[in-house]
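Take a look at the letters that make up each chain.
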Amino acid sequence: MYKKRMIIAVVMAVCFMTACTRKTDSEEWRGITDAAGENECQESRRSEDEEGSLSDDAKSASGGEFVTNSNSPENDSPESSSHSFEGEILEILTACTDTKIEQTVPVAGGRSLLISADVNVEGITRVSQYEYVLMDITEEGRAELFQSVFPEISDQAEYDEMNDVWTLNIDPAIRNYFLYQISYSNGGATIPGEQIIVFENRYYDLYPFEDNRLGSVSGSGVNASLDEAESVCRKVVEAITDTGDYAVDFIHAYGNNGRRPYLKLVFKRMLDGMPVTAYNDLAFLLDNEGIEKVSGSLFSVKDTGLDGTILSPKEAMEKLQEQAAFLDFEEESSVAVTEITLEYVVVISDDGEILATPVWRFLLGEDEDERNFLRQKILGIDAVTGKLIWEERGHTL
């Protein structure tokens with residue numbers, strides 16, 4: 001079963017800690033050994049000026065030196081007026097306890113958004129806004145990546161100066177090799193100029209298309225458990241980042257109609273107890289042979305603080321209703337929302353700033369498996385501006 005994220009809930013001075021156990025079975029791939037009753041949320045208090053700053057239009061906010069900035073967001077935090085809003089934000093989060101929202105929202109084409117969702121803010125320690133800082137990919141980072149995936153043969157990698165790529169042969173007789181290059185997004189909304197790591201096996205065709213994706217990870221043909229797969233990929237994450245705050249966000253399984261089975265694991269950086277959904281999150285493809293692809297961008301952040309409080313879930317719900325005519329579910333007559341949570345999503349503001357901003361996400365799907373399957377589809381309301389975000393991420397390469 002899909003391993004649901006568990007996060008530490010911190011409210012004022014009381015801290016609850018839970019521990020997630022992990023299997024201890026050991027398995028080796030490519031030289032890597034494993035070892036939330038219905039209740040209405042309290043509306044946020046805001047002045048007329050703050051309410052006037054919320055946009056009612058439906059424009060969707062769009063949207064790595066390998067080693068990330070060693071300074072933590074807290075070290076970069078400016079002393080700003082945002083501190084005066086911390087109490088109001090805390091009240092909003094506290095009021096969400098045991099809250100459930102029930103609503104049917106008409107959308108485009110006579111279709112419906114069926115909301116029967118608990119509001120889950122467990123584990124959120126604070127809410128702010130961050131500047132998203134691009135990072136260049138370095139040669140040192142490239143070497144760390146090779147070493148973490150292929151510790152025994154990484155020194156055999158060869159550089160092709162003409163094409164500016166690296167190759168590592170696995171079986172030259174059948175042209176089984178890995179190719180490494182720095183790429184840029186060539187499709188979908190993204191951040192202009194952001195460098196993307198691409199390290200992949202060029203021999204196997206893993207067929208990363210929707211007709212090859214399984215509805216549930218429980219049907220995966222990969223021998224490794226989800227915990228084991230996560231552990232293998234985490235070793236690479238820890239090798240190429242130094243922040244220690246990445247967590248697996250979702251896992252998808254592939255391998256329909258006899259095709260080669262594999263898992264896709266997506267890791268996201270955690271800030272203030274919330275995942276940061278960027279345009280090119282760290283993603284791994286892993287099959288029974290081990291890691292077959294690593295891709296994604298690395299970034300740093302600078303805490304810029306908030307100039308006001310955030311929308312409450314009830315206010316976000318009102319903003320969603322105002323902009324629902326812009327939602328298109330294509331052939332689906334209705335879509336279910338069964339959980340609402342607060343997360344950071346990377347967006348490009350109207351004045352061109354790249355921000356990791358708090359967003360009330362309306363998680364699509366009738367159950368855990370379906371929410372996991374639809375995790376890449378973002379239906380949300382920017383908790384600062386009130387703008388609708390309706391897009392899919394993870395298919396920009």
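Definitions and limits used
Residues numbered from 1 in each chain as written. Predicted model: local features only at pLDDT ≥ 70, side-chain atom pairs only at ≥ 80, totals over all residues. Heavy atoms only, no water. Helix = DSSP H or I, 4+ residues; strand = E, 2+ residues; numbered from the N terminus. Buried < 20%, exposed > 50% of the residue type's maximum accessible area, 1.4 Å probe, protein only. Areas by Shrake-Rupley, 256 points an atom, 1.4 Å probe, with all protein chains shown as cover. Salt bridge = Lys/Arg side-chain N within 4 Å of Asp/Glu carboxyl O. Polar contact = N/O pair within 3.5 Å; in protein donor to acceptor, adjacent residues only side chain to side chain. Contact = heavy atoms within 4.5 Å. Pairing = 2+ DSSP bridges. Phe/Tyr/Trp six-rings, centres within 6.5 Å; stacked < 30°, edge-to-face > 60°. Lys NZ or Arg CZ within 6 Å of the ring centre and 35° of its normal. Core = buried A, V, L, I, M, F, W, Y, C linked by side-chain atoms within 4.5 Å. Patch = residues over 30% accessible without salt bridge, like charges linked within 9 Å, V, L, I, M, F, W, Y side chains within 5 Å. Lys, Arg positive; Asp, Glu negative; His and termini not counted. Charge placed at Lys NZ, Arg CZ, Asp CG, Glu CD.

> Just checking my understanding: could you explain the overall build of the chain for this structure?
The helix and strand tally for the chain stands at seven helices and 21 strands. Going through the 397 residues of the chain one by one, you find that 52% of them count as buried. Here the chain has roughly 18,200 Å² of accessible surface; of this, 47% comes from carbon and sulfur atoms.

> It is not clear to me how the pattern of salt bridges should be interpreted in this structure. Could you clarify?
Side chains bearing opposite charge may pair, as long as their charged atoms lie close to each other. Inspection of every chain in the model, using the stated rule, returns 19 salt bridges. For Glu 200, the salt bridge goes to Lys 293, with nearest N and O atoms at 3.8 Å. Of this pair, Glu 200 sits in strand S11 (residues 196-201) while Lys 293 sits in strand S16 (residues 290-296), and the two are 93 residues apart along the sequence. Across the pair Glu 392 and Lys 377 runs a salt bridge, and its minimum N-O distance is 3.2 Å. In this pair, Glu 392 sits in strand S21 (residues 388-392) while Lys 377 sits in strand S20 (residues 377-382), placing the two residues 15 residues apart along the sequence.

> Looking at this structure, how should I read unusual backbone geometry?
Excluding glycine, most residues fall at negative phi; most peptide bonds, likewise, are trans. Positive phi, normally seen in glycine, also occurs at Asp 164, with a value near 55 degrees. In this fold, Asp 164 is placed in the loop between strand S8 (158-160) and strand S9 (165-171). Positive phi is not limited to glycine here, since Asn 257 has a value of about 55 degrees. With respect to the secondary-structure elements, Asn 257 resides in the loop between strand S12 (246-254) and strand S13 (262-271).

> Even after reading the chapter, I still don't get the side chain of Gln 129, so can you show me in this structure?
Note on placement: Gln 129 falls in the loop between strand S6 (112-120) and strand S7 (130-134). The buried category is assigned to Gln 129, whose relative accessible area is 14%. A polar contact of 2.8 Å, which involves the side chain of Gln 129, links it to the side chain of Thr 357. Excluding residues within four positions of it along the chain, Gln 129 makes contact with Lys 302, Asp 303, Thr 304, Gly 305, Leu 306, Leu 355, Ala 356, Thr 357 and Val 384.

> Teacher, can you tell me more about the pairing of strand S14 (residues 274-277) here?
The two faces of the sheet receive side chains in turn, since in a regular strand these alternate between them. With two bridges joining them, S13 and S14 adopt antiparallel strand pairing. Residue pairing for S14: Met 270 is matched across the bridge by Pro 275. What sits between S13 and S14 in their antiparallel hairpin is a turn of two residues, with Asp 272 showing a positive phi close to 55 degrees. Both S14 and strand S18 (residues 334-348) contribute to a ladder of two bridges, which runs parallel.

> Would you mind showing me how to read the packing of aromatic side chains here?
In this description, a pair of aromatic rings is defined by centroid distance and the angle of the planes. Evaluated as defined, the whole model comprises 15 aromatic pairs. Taken together, a centroid distance of 5.7 Å and an interplanar angle of 75 degrees make the contact between Phe 146 and Tyr 180 edge-to-face. You can see Phe 146 sitting in helix H4 (residues 139-149) and its partner Tyr 180 sitting in strand S10 (residues 176-183), a full 34 residues away along the chain. Both residues of the pair, Phe 146 and Tyr 180, count as buried. Geometrically, the ring pair formed by Phe 329 and Trp 390 is edge-to-face, given 5.6 Å between the ring centres and 80 degrees between the ring planes. A residue pair is termed long-range when its members are at least 10 positions apart, and Phe 329 in the loop between helix H6 (313-323) and S18 and Trp 390 in strand S21 qualify at 61 residues. By relative accessible area, Phe 329 is classed as buried at 7%. Take Trp 390: its relative accessible area is 23%, and that puts it in the partly exposed class. Through pairs of rings, three or more aromatic residues link up here, namely Phe 146, Phe 150, Tyr 159, Trp 166, Phe 178, Tyr 180 and Phe 199. The lysine or arginine in question, Arg 393, covers the ring of Tyr 279, its NZ or CZ lying 3.7 Å from the ring centre.

> Is there a simple way to explain the pairing of S13 in this structure?
Burial analysis of S13 places ten of its ten residues in the buried class, which makes it a mostly covered element. Across eight bridges, the pairing between S12 and S13 is antiparallel. Counterpart to Phe 250 in the pairing with S13 is Val 266. As paired elements, S13 and strand S15 (residues 282-287) share five bridges and run antiparallel to each other. Paired with Leu 265 across the bridge in S15 is Phe 284.

> What exactly am I supposed to notice about the nonpolar core here?
The tendency in soluble globular proteins is for nonpolar side chains to be buried as a group. Counting 85 residues, the largest nonpolar core has Leu 113, Ile 115, Leu 320, Trp 360 and Phe 362 as its most contacted members. With seven residues, the single largest contributor to this core is helix H5 (residues 226-240). Setting aside residues up to four positions removed in sequence, Ile 115 forms contacts with Ile 101, Glu 102, Gln 103, Val 105, Met 317, Leu 320, Val 337, Ile 340 and Phe 362. Formed by six residues, the second largest nonpolar core is a distinct cluster that contains Val 347, Leu 355, Val 359 and Ile 389.

> Just checking my understanding: could you explain the environment of Arg 393 for this structure?
Relative to the helices and strands, Arg 393 is located in the segment after S21. Sequence spacing of Arg 393 and Asn 280 is 113 residues, and the spatial spacing of their C-alpha atoms is 7.8 Å. Separated by 2.7 Å, the side chains of Arg 393 and Glu 391 make a polar contact.

> What exactly am I supposed to notice about a negative patch on the surface here?
On the surface, a cluster of negative charge is contributed by Asp 328, Glu 330, Glu 331, Glu 332, Glu 366, Asp 367 and Glu 370. Its place among the elements puts Asp 367 in the loop between strand S19 (354-364) and helix H7 (368-373).

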